[in-house]
Amino acid sequence: MRTILVAIGAHYVHINLAVYALKACCDGDVEALEFNINQQPHWVLRELAARRPDVVVFSCYIWNIEFVHRVAADLKEILPGVRIVLGGPEVSYDAKDVVEQWTFVDVILCGEGEHSLPLVLERMVAGEDLHGIPGAVWSENGQAVGDDTCAIVEDWASIPPVDFSGVPGLRRRIAYYESSRGCPFSCGYCLSGSAKGVRFLPMDRVKEDLTKLVTLGVPLVKFVDRTFNANPRRASQLVRWILDNTGSTHFHFEVAADLLDDEMMDLLCTAPAGKLQVEAGVQSCYEPTLRTVSRVTDLEELGRRVKTLIQGGRIHVHLDLIAGLPLEDYTTFGQSFDQVYSLRPHALQLGFLKLLKGSRLRRDAQELGLVGRDYAPWEILHTRELSGWDLLHLKGIEEMCERYYNSGHALQSLEYLLKTVDKSAFGLFEKLEAFCSGRGTLTRPLSLTNQMEELLCFGREHLEGDCYRILRAKVAADCMANGGKGKVPGACEADEMPGPLGPRLRQLVEAGIITKEQHRLGQFAWLPADPEKEKGGLVLAMAWDGEKEILSGRRKVTILPSKEEG
């Protein structure tokens, strides 16, 4: 019997952990195939149909469920004898409804499938029914039958390790890895705390698995442990081992930042720059909201720990906020945004509440005044405290934050605008959103040069004289720091050049001020002087790839002597 395990990811670069974990547990002719939602469904259908499978198993999530529906239904029409099996969080919590409504589905596996899928395949080969298999739901005479409780693999450490060796393009992709399942917390918007307790893989097994990934040349390993430091001592032991044994591979962890103990902080603050990435979910800084969603966080301690990591300059720090949580209105969300932005994380992700199947907030949505879309990804539309228009404005603010802050494109410019235009980061991005919306550039893709020109136009509306001149210098420096992604906007260039660059650069090489390599590979421009730093009308600026900030990837911008010293 030929079985295909199908993963349909959001992007090619993300390796799907589930299908390879399931493949390791199954015997016989079993193949794992990966696709992504950016592909045409008919090409995915062709690849599957050409293999003439007996069973096709789809891994279902909020980002791919509609895609899975189309491909699986069409596959059943083309190959009527194929058996369709679905699993994953998007079908685990209403399996009986799905199997009755989607008549092309033969079996749904609820919860963890490492034990149940091999049993289902064995029964299919033997021609036996599926009664008694944990988490297995199917249809008999149009009625759903079976066990729709989510299966949990209690002896998780006994299942075979995931084998990534056959994954295509491994050296250019992100590998996902889990060393624990479950979460010590019970946040109302999340599924991970629904199964009580946390299960850990033995440390020797984790080290063995990671050694294999490093040997295979994986550039980045992302732990999917919901709270990596749920056991602080174990987390520190693992990080110490990673720092000592994993070469150039980078690692990403999701942590409870307020629970980072002194041992872990010492490890993170002394790690090689860029080796480790830390993501922490703040979600909200409004205490009534945190209590309502059962989010337990010491915000003051979180702030102290995050500041220490960022000031240390070795760890990339990513912080998350969720818009649309109960009790938080537009004003209090803006305050949450400002509080998180004030920490200056390397990335601030403004996400929007998803009323996930199986989550408490979905069950209590009517009571809490939460209204979401009636299709995946079940994103919030409005709440008792936030109107639909409020949330749409927040979408625009998210775009401005991504475009100018998270991208790293305008860090100097934003800092200056926060001094001169609006001291509230939320207020500044709100003004930028309104400005770009009015000009039709909010939703239109823009080159980096055009993005920065928009920022200058925004500045021209709010600043004049020396203040606008300083912004021109900041924008020009940001453009040069970002390298070949965009030119310095014309509005930043000097109105009258002091002379051709070539002769002056040769003089700088001869004087030993710049090297021949910098002369050959660097970017040079005459820029308006920043009155806060330099005297005179113009400065000669240089940036080159040989001097980059490790965490941001931005090039250092150096001001050179603009004329020969007498």
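Coordinates for the structure precede this section.
Residues numbered from 1 in each chain as written. Predicted model: local features only at pLDDT ≥ 70, side-chain atom pairs only at ≥ 80, totals over all residues. Heavy atoms only, no water.

1. With respect to the sheet that holds strand S8 (residues 174-177)
So, point 1. Pairing within the open sheet is parallel, and its 6 strands lie in the order S8-S11-S12-S13-S14-S15. In this open sheet, the two strands that pair with only one neighbour each are S8 and strand S15 (347-352). Looking at each pair of strands side by side, their axes are set apart by 20 degrees on average, direction ignored.
So, point 2. For S8 and strand S11 (residues 220-223), the ladder comprises 4 bridges, and the chain directions are parallel. The residue of S11 that forms the bridge with Ile-174 is Leu-220.
So, point 3. Across the face of the sheet, helix H10 (residues 299-312) comes into contact with strand S13 (276-283) and strand S14 (316-323) while running at roughly 145 degrees to S14.
So, point 4. Docked against the sheet, helix H11 (residues 330-341) engages S13, S14 and S15, running at close to 175 degrees with respect to S14. (Pairing = 2+ DSSP bridges. Helix = DSSP H or I, 4+ residues; strand = E, 2+ residues; numbered from the N terminus. Axes fitted to C-alpha atoms, helices over the stretch in contact; angles between N-to-C directions. Contact = heavy atoms within 4.5 Å.)

2. Comments concerning the sheet that holds strand S18 (residues 523-528)
So, point 1. Taking strand neighbours across the sheet as the criterion, the 3 strands line up as S18-S19-S20 in an open arrangement whose pairing is antiparallel. In the strand order of this sheet, the two ends are held by S18 and strand S20 (555-560), each with one partner. Sheet twist, expressed as the mean angle between neighbouring strand axes with direction ignored, is 35 degrees.
So, point 2. In the sheet, strand S19 (residues 538-548) pairs with S20 via 5 bridges, with the strands oriented antiparallel. Directly across from Leu-540, in S20, lies its bridge partner Leu-560.
So, point 3. The strands that helix H18 (residues 465-481) touches are S18, S19 and S20; relative to S18, the one it contacts most, it runs at about 175 degrees.

3. Some words on unusual backbone geometry
So, point 1. Here the amide bond leading from Ala-376 into Pro-377 is cis, since omega sits at 15 degrees, within 30 degrees of zero.
So, point 2. For Pro-377, the location among the structural elements is in the loop between strand S16 (370-372) and strand S17 (380-383).
So, point 3. Phi is positive for Leu-327, close to 75 degrees, though the residue is something other than glycine.

4. Quick look at the packing of helix H16 (residues 425-439) against helix H17 (residues 448-462)
So, point 1. One way to put it is that H16 packs onto H17 with a least axis distance of 11 Å and a crossing angle of 110 degrees. In terms of their interaxial angle, H16 and H17 are classed as roughly perpendicular. Only Glu-454, Leu-455, Cys-457, Phe-458, Glu-461 and His-462 of H17 make contact with H16, whose side of the interface consists of Leu-428, Lys-431, Leu-432, Phe-435, Cys-436 and Arg-439.
So, point 2. For the contact of H16 with H17, the residue count by class is 7 nonpolar, 1 polar and 4 charged. (Parallel < 35°, antiparallel > 145°, perpendicular 65-115°, else oblique. Nonpolar A, V, L, I, M, F, W, Y, C, P; charged D, E, K, R; others polar.)

5. Points about the pattern of salt bridges
So, point 1. For the structure on display, the rule yields 27 salt bridges.
So, point 2. Across the pair Asp-209 and Arg-205 runs a salt bridge, and its minimum N-O distance is 3.2 Å. In this pair, Asp-209 and Arg-205 both sit in helix H6 (residues 203-215), 4 residues apart, roughly one turn of the helix.
So, point 3. Residue classification places Asp-209 among the buried positions, given a relative accessible area of 8%.
So, point 4. Residue Arg-205 is classed as buried on the basis of its relative accessible area, which comes to 14%.
So, point 5. Each of Glu-112, Glu-114, Glu-178, Arg-181 and Arg-199 takes part in a single network of salt bridges with overlapping partners. (Salt bridge = Lys/Arg side-chain N within 4 Å of Asp/Glu carboxyl O. Buried < 20%, exposed > 50% of the residue type's maximum accessible area, 1.4 Å probe, protein only.)

6. Here's the deal with the nonpolar core
So, point 1. In this structure, Leu-210, Phe-223, Phe-337 and Leu-394 are the most contacted members of the largest nonpolar core, which totals 142 residues.
So, point 2. Contacts of Leu-210, omitting those with residues within four sequence positions, involve Tyr-177, Val-221, Phe-223, Leu-238, Trp-241, Ile-242 and Phe-251.
So, point 3. Within the second largest apolar cluster, 35 residues are counted, among which are Ala-72, Phe-104, Cys-110 and Ala-376. (Core = buried A, V, L, I, M, F, W, Y, C linked by side-chain atoms within 4.5 Å.)

7. A word on helix H14 (residues 388-406)
Note that an α-helix has 3.6 residues per turn; residues three or four places apart therefore point the same way.
So, point 1. Compared with the 27 Å implied by 1.5 Å per residue over 19 residues, the 25 Å span of H14 between its first and last C-alpha is a close match.
So, point 2. Along H14, the positions that sit buried rather than exposed are Leu-391, Leu-394, Gly-396, Ile-397, Met-400, Cys-401, Arg-403, Tyr-404, Tyr-405 and Asn-406. (Expected span 1.5 Å × (residues − 1).)

8. Overview of helix H19 (residues 501-510)
So, point 1. Of the residues making up H19, those classed as buried are Arg-504, Leu-505, Leu-508 and Val-509. Buried residues of H19, viewed axially, fall in a sector of 145 degrees; they line one side.
So, point 2. Summarising the contacts, the buried residues of H19 are in contact with helix H20 (516-521), S18, S19 and S20.
So, point 3. One or two steps after H19, the chain reaches Gly-512, where phi turns positive at roughly 75 degrees. (Arc of directions from axis to C-beta.)

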